[in-house]
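# Examining the three-dimensional arrangement
One letter stands for each residue in the lines below.
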Amino acid sequence: MKNSKSILKGVKSFVGGEFNILNKPIYDVAIVGGGIVGLATGRELLKRNPKLKIVILEKENEIAPHQSSHNSGVIHCGIYYKPGSLRAKLCTKGSKLMYDYCNENDINYENCGKLIVATKEKEFQQLEQLYKRGIENGVPNIKLLESKEQLLSIEPFINGGLRAIHTPSTGIVDYKDVSKSFANDITEKYGYDSKSEIKLNFDAKNFKYNSNDKLLLISTGNEDDNNNEKEEQSILTKYSIVCGGMNSDRIAKVAYGNDEPSIVPFRGSFLQFKPEFRHLIKGNVYPLPNPSFPFLGVHFTKRINGEIWLGPNAVLSFAREGYKFTDFNLQDTIDLIKNPGLFKLAKKHWRYGLGELYRDFNKDHFIELLKPYMPTITVDMLEYGGSGVRSQAISKSGDLIEDFIFDTPSDVPIIHVRNSPSPAATSSLAIAIEIVDLAQKNFKDLNSYKYF
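Summary of the structure given here. (Residues numbered from 1 in each chain as written. Predicted model: local features only at pLDDT ≥ 70, side-chain atom pairs only at ≥ 80, totals over all residues. Heavy atoms only, no water.)

## Points about the nonpolar core
By size, the foremost hydrophobic cluster in this structure holds 44 residues, and its most contacted members are Ile31, Leu45, Tyr175, Val178, Phe182 and Ile241. Residue assignment for this core shows that the elements contributing at least two residues are β1 (26–32), α3 (36–48), β2 (54–57), α4 (86–104), α7 (175–189), β12 (234–242), β20 (414–419) and α12 (424–442). Once residues lying within four places of it in the same chain are set aside, the contact partners of Phe182 are Ile36, Leu39, Ala40, Arg43, Tyr101, Ser428 and Leu429. Ranked by size, the runner-up nonpolar core spans 23 residues in total, among them Val117, Leu271, Leu280 and Ile281. (Core = buried A, V, L, I, M, F, W, Y, C linked by side-chain atoms within 4.5 Å. Buried < 20%, exposed > 50% of the residue type's maximum accessible area, 1.4 Å probe, protein only. Helix = DSSP H or I, 4+ residues; strand = E, 2+ residues; numbered from the N terminus. Contact = heavy atoms within 4.5 Å.)

## Brief notes about α7
The α-helix advances 3.6 residues per turn, and as a result positions three or four apart in sequence lie on the same side. Restricting attention to buried positions, one finds in α7 the residues Tyr175, Lys176, Val178, Ser179, Ser181, Phe182, Ala183, Asp185 and Ile186. By the N-cap criterion, in which a side-chain oxygen at the helix start approaches the backbone nitrogen of a residue two or three places on, α7 is capped by Asp174, the distance to Lys176 being 2.9 Å. (Polar contact = N/O pair within 3.5 Å; in protein donor to acceptor, adjacent residues only side chain to side chain.)

## Considering the packing of aromatic side chains
As enumerated under the stated definition, the model contains 6 aromatic pairs in all. Each ring, one from Tyr239 and one from Phe443, has its centre 4.6 Å from the other, and the planes form 20°; the classification is stacked. With Tyr239 in strand β12 and Phe443 in the segment after α12, this pair connects stretches of sequence that are 204 residues apart. The two residues Tyr239 and Phe443 agree in class, both being buried. Ring geometry for Phe273 and Phe300: centres 6.4 Å apart, planes at 20°, overall stacked. Taken together, the residues Phe273 in strand β13 (residues 262–273) and Phe300 in strand β15 (residues 299–302) connect sequence positions 27 residues apart. As far as burial versus exposure is concerned, Phe273 and Phe300 are alike and both buried. Above the ring of Phe124, the side-chain terminus of Arg163 is found at 4.0 Å from the ring centroid. Cation over ring: Arg303 sits above Trp309, and NZ or CZ is 3.8 Å from the ring centre. (Phe/Tyr/Trp six-rings, centres within 6.5 Å; stacked < 30°, edge-to-face > 60°. Lys NZ or Arg CZ within 6 Å of the ring centre and 35° of its normal.)

## Topic: the pattern of salt bridges
A complete count under the given rule lists 21 salt bridges for this structure. A salt bridge links Asp327 to Lys324; the nearest nitrogen and oxygen atoms lie 3.4 Å apart. Exposure remark for Lys324: the relative accessible area of 52% places this residue in the exposed category. Salt bridges linked by common partners bring Glu44, Arg48 and Asp437 together as one network. (Salt bridge = Lys/Arg side-chain N within 4 Å of Asp/Glu carboxyl O.)

## Regarding a nonpolar patch on the surface
Residues Phe318, Phe328, Leu330 and Ile334 make up a contiguous nonpolar surface patch of roughly 400 Å² in combined accessible area. Within the secondary structure layout, Leu330 lies in helix α9 (residues 330–337). Exposure remark for Leu330: the relative accessible area of 56% places this residue in the exposed category. (Patch = residues over 30% accessible without salt bridge, like charges linked within 9 Å, V, L, I, M, F, W, Y side chains within 5 Å. Areas by Shrake-Rupley, 256 points an atom, 1.4 Å probe, with all protein chains shown as cover.)

## Things to note about the pairing of β20
Within β20, 6 of the 6 residues are buried, leaving the element largely enclosed by the surrounding structure. Bridging between β12 and β20 involves 3 bridges; their strand directions are parallel. For Ser240, the partnering residue across the bridge sits in β20 and is Ile414. Where strand β19 (residues 405–407) meets β20, 3 bridges bridge the pair, whose relative direction is antiparallel. Within β20, the residue paired with Asp407 across the bridge is His416. Taken together, β19 and the strand that follows it, β20, pair antiparallel across an intervening segment of 6 residues. (Pairing = 2+ DSSP bridges.)

## Concerning the environment of Asp106
With respect to the secondary-structure elements, Asp106 resides in the loop between α4 and β4 (109–110). For the pair formed by Asp106 and Ser181, sequence separation is 75 residues and the distance between their alpha carbons is 9.8 Å.

## Some details on the packing of α4 against α12
Each pair of packed helices can be summarised by the angle the axes make with each other and by the distance between the axes. Taken N-terminus to C-terminus, the directions of α4 and α12 make an angle of 105°; their axes are 6 Å apart at the nearest point. If you check the angle between α4 and α12, you find them roughly perpendicular. Counted together, Leu86, Leu90, Cys91, Lys93, Gly94, Ser95, Leu97, Met98 and Tyr101 of α4 and Ala425, Thr426, Ser427, Ser428, Leu429, Ala430, Ile431, Ile433 and Glu434 of α12 form the full contact between these two elements. In terms of residue class, the contact of α4 with α12 is made up of 11 nonpolar, 5 polar and 2 charged. (Axes fitted to C-alpha atoms, helices over the stretch in contact; angles between N-to-C directions. Parallel < 35°, antiparallel > 145°, perpendicular 65-115°, else oblique. Nonpolar A, V, L, I, M, F, W, Y, C, P; charged D, E, K, R; others polar.)

## Comments concerning the packing of α3 against α7
At a minimum axis separation of 9 Å, α3 and α7 run at an interaxial angle of 30°. Pair α3 / α7 crosses with left-handed handedness. Of the residues in α7, those touching α3 at Ile36, Leu39, Ala40, Gly42, Arg43 and Leu46 are Tyr175, Val178, Ser179, Phe182, Ala183, Asp185 and Ile186. (Left-handed = near helix turned anticlockwise from the far one by under 90°.)

Given below as structure tokens:
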């Protein structure tokens, strides 16, 4: 690692000289990434100690602009994930915390429940295994519906189903609303006295740590992604937590983190029922998951605004923040081409990938996956709903990484949240507790009386 002899000398090229440095505030913790996980982490830090001066650095002009707001809005119950895994523990815990938080802060949600449906007798064994997993994971009030009549009493129009698992604790919420409330907690409820803040349009690209002064300089650089000149911004902080989401791998490479895992973006598109057909679904209806993939398959999802979304598919995206089929980013595409893990993944699952791509522009083929559950569904009942891009961590060997990864450089006070897969929004409050516990362990000074 290259350290400057003096923080003044080391940061001069970033902030323009000694005068600016001497007038620059020093934060206790800088959180890179203003998505729901970053905001929840800032909130948790301040909830434990409102004296901390926290800053959230978000590269866009609003908080939670990407994965945190481009999703189906489901509050998951934790049934799918390997028992004992961090993903399972955080989802079950996070779901309860999310409901409690929404109640305490008057955030609109609906506890509409979910069915996971078997449409063939050969699926019954997998359904029972998933049911047992749900019990092991502590999913509340889970029930195995062993007759079609029981299933239809909950979702009258899913007449292709034979048996189902019912998870009444599944719900829906607008995670953008949740994120805004977290932001208010940071700047007003918990962080007002310490003058904690959220800096928008701050694209953190440069990280320089001075071990003598124990300060970290984070700056934006003086060019945007299109090589246009812009005014450089910078801050000084004692500690940093990076919740970079889709760009977590890129930030890690310039901020003392490991090279792996890499992030591969998958875009998922949704159709939706036209308003006159929304009554056909009461809650959430999911297929049995494909055990080879972390995606949950095409499903029916009720949204908090009353819309009923159908999807998503999972198509490799040539733009990490591209929500349309035609979106393309040169650097993102180059990174895909240079990614050895992606080629190994594609070699193993190319047929699946082609099928997802075909469904992306062919509605008839898309709804073929839904007809086993609702045989009467037709294309003319549907219109475009929306889309999102999911950050999927993969290894060099082409394996999909399904659990959370925290990267903690040994000699720099940074924590990188390298992989926070779905259900990260559901689990955000529980993830924040995990991150802040880790920060207390790794950032020794935070354990002093001044902090915790």
